[in-house]
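Breakdown of the fold
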Amino acid sequence: MITYNLDFLIAGLVLLLIVFYHYWEYDNKQRLDSTNNRIFRFFIATALADVSFDLLSSVLIMDERPGLANMTNLVLTIFYILQLVYPLALVFYAQTLREVSFDKIKKEMLVWTLPPALILCLVLSNSWTGLLFSVDVGGVYHHGPLYLLMYGYAFVYAWVLILLTLIHKKELSKRSVAVLWEFLLIESGCVLYQALHSSCLTTGFGIGIGVTVLYLTIGNPSSYMDHMTGAFDKHYFDTWFHEQRLKDKPVHMITITLPRLQHINRVMGTHVGNQLLKQITETLQQIDPHVQVFWVSGKKFFLVMQTLADYERTRDEVMAFFRKTFDTDGGPVAFPAIICGIIHGERLPENSFLAYVDYMAGLVKNSRETVLIQSDDKMMNGFLYERKIDIFLREAIDRDLFDVYYQPIYSLEKGGYVTLEALSRLWHPSLGYVPPDVFITLAEKNGQILKIGLLQFRRVCRFVKENEWIMREIRNIKFNLSPVEILEYDHVKALLDIIREFGLNPSYFQFEITETAATEYSAQLFEALDLIQKAGVTLCLDDFGSGYANLDMILKLPFACIKIDRSLLRGLGEEPKVAFFYHSLVSVLNAMHYRVVAEGVETEEEKDKLSQWGVDMIQGFYFSKPLSSPEIAALLKDQSAGNPRS
Ligand code: C2E
Ligand code: CA
Ligand code: CA
């Protein structure tokens, strides 16, 4: 008569039931959809079945009733099959923790499936051969001659797992390796104990503890969740997206950017903002069981799906949802969103997805109402172009590949050029000329504008040093400072130091700052402007009339010159009001003794009008395009010789 102590086995089963319940409950609600999760789910289920059948077969073996012989035989056969599947499922699970293509794993796994498949034949034929075990007609259990084979198999697969973690160390996170080893340690300890005390069934207990450890560490689905919103988090998105890419699966996405979130948090309180986010998450999660909802970064949701039909339906529902007002504790709130649709997001380069969404959202000018913007080839190419330039910029800075062109500005009164504007130029080896609007904007975003500013200003100073005679022809050279530069006190100091380093007169230079920078009131701005002025460099307000001018600020800041943006000039022909406005503006600025420059003058008609309105200085293609330094030197040489080219 065999007697077992079942207490440990029951404890193991209870642990597995708890894990199983929590995993399923969460999984049902959240629809985790990655290979890793699916295999883990399968692994838990196998463990649970294995321990259940272990318990059942032990009870039956102890019972030894002749009438139960067949039943005992059947239950033992199923238990042996599960004993084969369980280590295999574990190896499978460990494989999915690797960061490699699933195809590669599949091939390897085929090899590891072969040995258990062979043993399976043995298990299935055991009723006839009795090689593993037998149950006699009296219902009594007997070991077969090969009964140790199952232990051997489990032992070998434990080593397989250890080997795999060692071989693929680079593709596994340190934490995964540590947890897998911990798991094996627990399990082998429990198996060893049972081997020494065969009546005490601790193996199943080991499985229970081992799976619980996995669940609490690397297999816990709620660790993928953002706890405030209840959506999946950025980390899970990255893992998931990476996996889809490895599998070459189509990924369509809808991203939702909430530009007003910060405003609502500030005005109505964070609790209202949070309430809105929860409300949105819940609705989004209910849209479709095939759609996964991620909350990434401070104000973005990502919805992902795999069929175009799902994409279209979700897009329409999301649009309708964000056009409605939301009920909050603070009353009804309009919460507009920028909704970006991306079909086949898997085509984007690795790790560029977030940047692409920002790029797309950046194309939306008015974010006061919900808008939809869908990615197309043109947009994606535009983004990829900018990315290439962005990468190239680093090299361009390291190797100082920039150039400066100079656009001369004509004085009608003097009948010649009186000043120059320095404009940066850059050529990409395969893409050719890169407009400064593109690379300056990129450099402003990634902070490299400071380096570019220094390189370019040094270049301008070098040019002036080598051709100092030009300063007899012109009043000054205008140099553009972007808002990022002007707000960086040390940078401004460094620019002024360059003038000193070349031993040039500061009055040779005028810094142009844009209207947007000038209206951004700050103590830093005043400090920087003060420093510039004290050094003897004058200031010019650029692009006047293109943004939201804060006139009060403009009057307070010490500008010597104001450039009227060319957008004002464009409406001149059609709209009498524009002409009236332009004319009046010039009169006011002249009366206030500003030097006024009209930008972007392309035709004789425009020039004549501006002349009638009292504009003296004209910048535009009508007189000259920006010219290279030898060209500008030649132009000014001609002018000094008394034969201007215009
Ligand atoms: P901006 O400061 O307003 O410079 C004038 C821009 O208008 C130049 O464009 C010039 O080529 C263009 N332009 C001049 N006359 C005409 C005309 O008659 N018609 C038209 N359609 N355009 C005209 P560019 O060189 O492409 O520069 C674009 C912008 O890039 C500049 O606008 C400036 O904001 C920025 N930028 C250029 N170089 C630098 C630099 O070294 N530093 C900084 N911070 N910004 C720069
Ligand atoms: Ca300018
Ligand atoms: Ca301008």
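Worth saying up front: this structure is predicted, and the values here are computed from it rather than measured.

**Section: the overall build of the protein chain**
A tally of helices and strands in the protein chain yields 25 helices and 19 strands. Taken over the C-alpha trace, the protein chain has a radius of gyration of 37 Å; the compact-globule value for 646 residues is 26 Å, which it surpasses by more than 25%. Principal axes of the C-alpha set define a box for the protein chain whose edges measure 125 × 55 × 40 Å. Counting all 646 residues of the protein chain, 50% fall into the buried class. Taking contacts inside the protein chain between residues at least 6 apart in sequence as the whole, the part at least 24 apart equals 71%. Here the protein chain contributes 59 positive and 72 negative side-chain charges, whose respective centroids are spaced 4 Å apart.

**Quick look at the side chain of lysine 478**
On the secondary structure map, lysine 478 appears in strand β14 (residues 476–481). Despite its burial, lysine 478 pairs with no opposite charge; the closest candidate is glutamate 512, at 4.9 Å N-O. Here the side chain of lysine 478 touches glutamine 510 through a polar contact of 2.4 Å, side chain to side chain. Once you skip the residues sitting within four places of it in the chain, lysine 478 turns out to touch Ile409, Thr419, Leu420, Glu421, Ala422, Gln510, Glu512, Cys540, Cys561 and Lys563.

**Side note on the site of ligand 1**
In the region of ligand 1, 22 residues are neighbours, and Ser424, Arg425, Asp542, Glu602 and Phe621 sit closest. Within the backbone of serine 482, an N or O atom sits 3.4 Å from a nitrogen atom of ligand 1. Measuring from an oxygen atom of ligand 1, one finds a side-chain N or O atom of aspartate 542 at 3.0 Å. With the chains in place, 85% of the 790 Å² that ligand 1 exposes on its own is no longer accessible. The greatest single-element share of the shell around ligand 1, amounting to four residues, is contributed by strand β11 (residues 416–425). Looking at the shell around ligand 1, its residues break down into seven nonpolar, six polar and nine charged.

**A closer look at the pairing of strand β5 (residues 300–305)**
Of all six residues in β5, six are buried, a share of seventy percent or more. Judged by which residues are buried, β5 turns out to be covered on both faces: Lys300, Phe302 and Val304 on one side and Phe301, Leu303 and Met305 on the other are all buried. Pairing of strand β3 (residues 252–257) with β5, which is carried by six bridges, proceeds in the antiparallel orientation. Paired with threonine 255 across the strands is phenylalanine 302, a residue of β5. Summarising the sheet, strand β4 (residues 292–296) and β5 pair through five bridges and their orientation is antiparallel. Counterpart to valine 293 in the pairing with β5 is leucine 303. Counting the residues in the hairpin turn of β4 and β5 gives three residues, including serine 297, whose phi is positive at 50°.

**Quick notes on the packing of aromatic side chains**
Counted by the stated rule, this structure contains 47 aromatic pairs. Where tyrosine 356 meets tyrosine 359, the ring centres are 6.3 Å apart and the plane angle is 15°; that geometry is what we call stacked. With tyrosine 356 and tyrosine 359 both in helix α13 (residues 353–362), this residue pair falls three residues apart, about one helical turn. There is no split in this pair, since tyrosine 356 and tyrosine 359 are both buried. Arranged with centres 6.0 Å apart and planes meeting at 55°, the rings of tryptophan 427 and tyrosine 433 form a pair that is tilted.

**Considerations on the coordination of the calcium ion (ligand 2)**
Taken together, Glu421 (OE), Asn480 (OD1), Glu512 (OE) and Asp542 (OD) make up the full set of protein donors to the calcium ion (ligand 2), lying 2.1 to 2.3 Å away. In terms of primary sequence, the donors binding the calcium ion (ligand 2) are separated according to E-x58-N-x31-E-x29-D. Separating the calcium ion (ligand 2) and the calcium ion (ligand 3) is a distance of 3.9 Å, and aspartate 542 donates to both of them. Placement of the pair is glutamate 421 in strand β11 and aspartate 542 in strand β16 (residues 538–544), with a sequence separation of 121 residues.

**Considerations on the pattern of salt bridges**
Tallied over the full model, the rule gives 20 salt bridges. For aspartate 63, the salt bridge identified is with arginine 65, shortest N-O distance 2.9 Å. Residue aspartate 400 is joined to arginine 459 by a salt bridge in which the shortest nitrogen-to-oxygen separation is 3.0 Å. You can see aspartate 400 sitting in the loop between α14 (377–398) and β10 (403–411) and its partner arginine 459 sitting in helix α16 (residues 449–466), a full 59 residues away along the chain.

**A word on the coordination of the calcium ion (ligand 3)**
Only Asp542 (OD), Asp543 (OD), Glu599 (OE) and Glu599 (OE) from the protein reach the calcium ion (ligand 3) as donors, at distances of 2.1 to 2.6 Å. Expressed as a motif, the donor residue spacing for the calcium ion (ligand 3) is D-D-x55-E.

**Considering the packing of helix α18 (residues 489–501) against helix α20 (residues 523–535)**
As a packed pair, α18 and α20 sit with axes 9 Å apart at the nearest point and diverge in direction by 10°. Judged by the inter-axis angle, α18 sits roughly parallel to α20. Between α18 and α20, the contacting residues are Tyr489, Val492, Lys493, Leu496 and Arg500 on the first element and Glu527, Ala528, Leu531, Ile532 and Ala535 on the second. Grouping the amino acids of the contact of α18 with α20 by side-chain chemistry returns seven nonpolar, no polar and three charged.

**Section: unusual backbone geometry**
Positive phi values are uncommon outside glycine, yet histidine 344 reaches one of about 60°. Positive phi values are uncommon outside glycine, yet histidine 593 reaches one of about 65°. Secondary-structure assignment places histidine 593 in the loop between α23 (576–591) and β18 (595–598).

**Description of the nonpolar core**
The biggest cluster of nonpolar side chains holds 66 residues, and the ones touching the most others in it are Ile477, Phe509, Phe511 and Tyr582. Here isoleucine 477 is in contact with Tyr406, Leu420, Ala422, Val460, Val464, Ile470, Met471, Tyr508, Phe509 and Gln510, once residues within four sequence places are set aside. If you look at the next biggest cluster of nonpolar residues, it comprises 59 residues, including Leu16, Phe40, Leu84 and Ile119.

**What to know about the packing of helix α3 (residues 69–96) against helix α4 (residues 102–124)**
For the pair α3 and α4, interaxial distance at closest approach is 10 Å and the crossing angle is 165°. With respect to each other, α3 and α4 are oriented roughly antiparallel. The handedness of the crossing between α3 and α4 is right-handed. Contact residues: α3 offers Thr77, Tyr80, Ile81, Leu84, Leu88, Val91, Phe92, Gln95 and Thr96, while α4 offers Phe102, Ile105, Glu108, Met109, Trp112, Thr113, Pro116, Ile119, Leu120, Val123 and Leu124. Looking at the contact of α3 with α4 residue by residue, the class counts come to 15 nonpolar, four polar and one charged.

**Observations regarding the sheet that holds strand β9 (residues 371–374)**
Pairing is mixed across the open sheet formed by five strands, whose spatial order is β4-β5-β3-β8-β9. Two strands in the sheet have a free side with no partner beyond their single neighbour: β4 and β9. Taking the axes of each pair of neighbouring strands and ignoring which way they run, one obtains an average angle of 20° across the sheet. Across the face of the sheet, helix α11 (residues 270–287) comes into contact with β3, β4 and β5 while running at roughly 5° to β5. Each of β3, β4, β5, β8 (338–342) and β9 touches α13; the most contacted strand, β8, lies at about 125° to it.

What counts and how
Numbers given for residues are sequential positions, taken from 1 along each chain in its written order. The order in which chains are written sets their letters, starting at A; the order in which ligands are written sets their numbers, starting at 1. Predicted model: local features are reported for residues with pLDDT of at least 70 only, side-chain atom pairs are reported and counted for 80 or more only, and whole-chain, interface and lining totals are derived from all residues. Note that the side-chain values use all heavy atoms of the structure and ignore hydrogens as well as water. Counting from the N terminus, the helices are the DSSP runs of H or I reaching at least four residues and the strands are the DSSP runs of E reaching at least two. As a reference, a globule follows 2.2 Å times the number of residues to the power 0.38, and the radius of gyration itself is taken over C-alpha atoms. Relative accessibility decides the category of a residue: with a 1.4 Å probe and only protein chains considered, values under 20% of the type maximum give buried, values over 50% give exposed, and everything between is partly exposed. Contact between two residues is taken to exist if any of their heavy atoms lie within 4.5 Å; hydrogens are not considered. For the charge count, each Lys or Arg is scored as positive and each Asp or Glu as negative, with His and the chain ends excluded. The atom standing in for a charge is NZ when the residue is Lys, CZ when it is Arg, CG when it is Asp and CD when it is Glu. We define a salt bridge as a contact between a side-chain nitrogen of Lys or Arg and a carboxyl oxygen of Asp or Glu at a distance within 4 Å. Within 3.5 Å is the distance limit for a polar contact, defined as a pair of N or O atoms, with the added protein rule that one can donate a hydrogen and the other accept it, and that residues adjacent in sequence qualify only through two side-chain atoms. Whether a residue is near a molecule or strand depends on its heavy atoms: if one lies within 4 Å, it is near. Accessibility throughout is a Shrake-Rupley quantity obtained with a 1.4 Å probe, and a residue counts as covered only by protein chains that appear here. Throughout this entry, Asp, Glu, Lys and Arg are counted as charged residues, while Ala, Val, Leu, Ile, Met, Phe, Trp, Tyr, Cys and Pro are counted as nonpolar. The remaining residues, Gly among them, count as polar. Between any two strands, pairing holds if DSSP finds at least two bridges. Only Phe, Tyr and Trp rings take part, Trp by its six-membered ring, and two of them pair if their centres are within 6.5 Å. Stacked means planes under 30 degrees apart, edge-to-face means over 60, and tilted covers everything else. Metal donors: N, O and S atoms at distances within 2.8 Å, or within 3.2 Å for Na, K and Ca, with water omitted from the atom set so that some sites may seem incomplete. Helix axes use the C-alpha atoms of the stretch in contact, all axes being lines fitted to C-alpha atoms, and the angles between their N-to-C directions lie in the range 0 to 180 degrees. Should an angle lie under 35 degrees it is considered roughly parallel, over 145 roughly antiparallel, and from 65 to 115 roughly perpendicular; all remaining angles are considered oblique. As used in this record, nonpolar core signifies buried Ala, Val, Leu, Ile, Met, Phe, Trp, Tyr and Cys residues forming a set joined through side-chain atoms within 4.5 Å. For any pair of crossing helices, the crossing counts as left-handed if the nearer helix is rotated counterclockwise from the farther one by less than a right angle, and right-handed if it is rotated clockwise.

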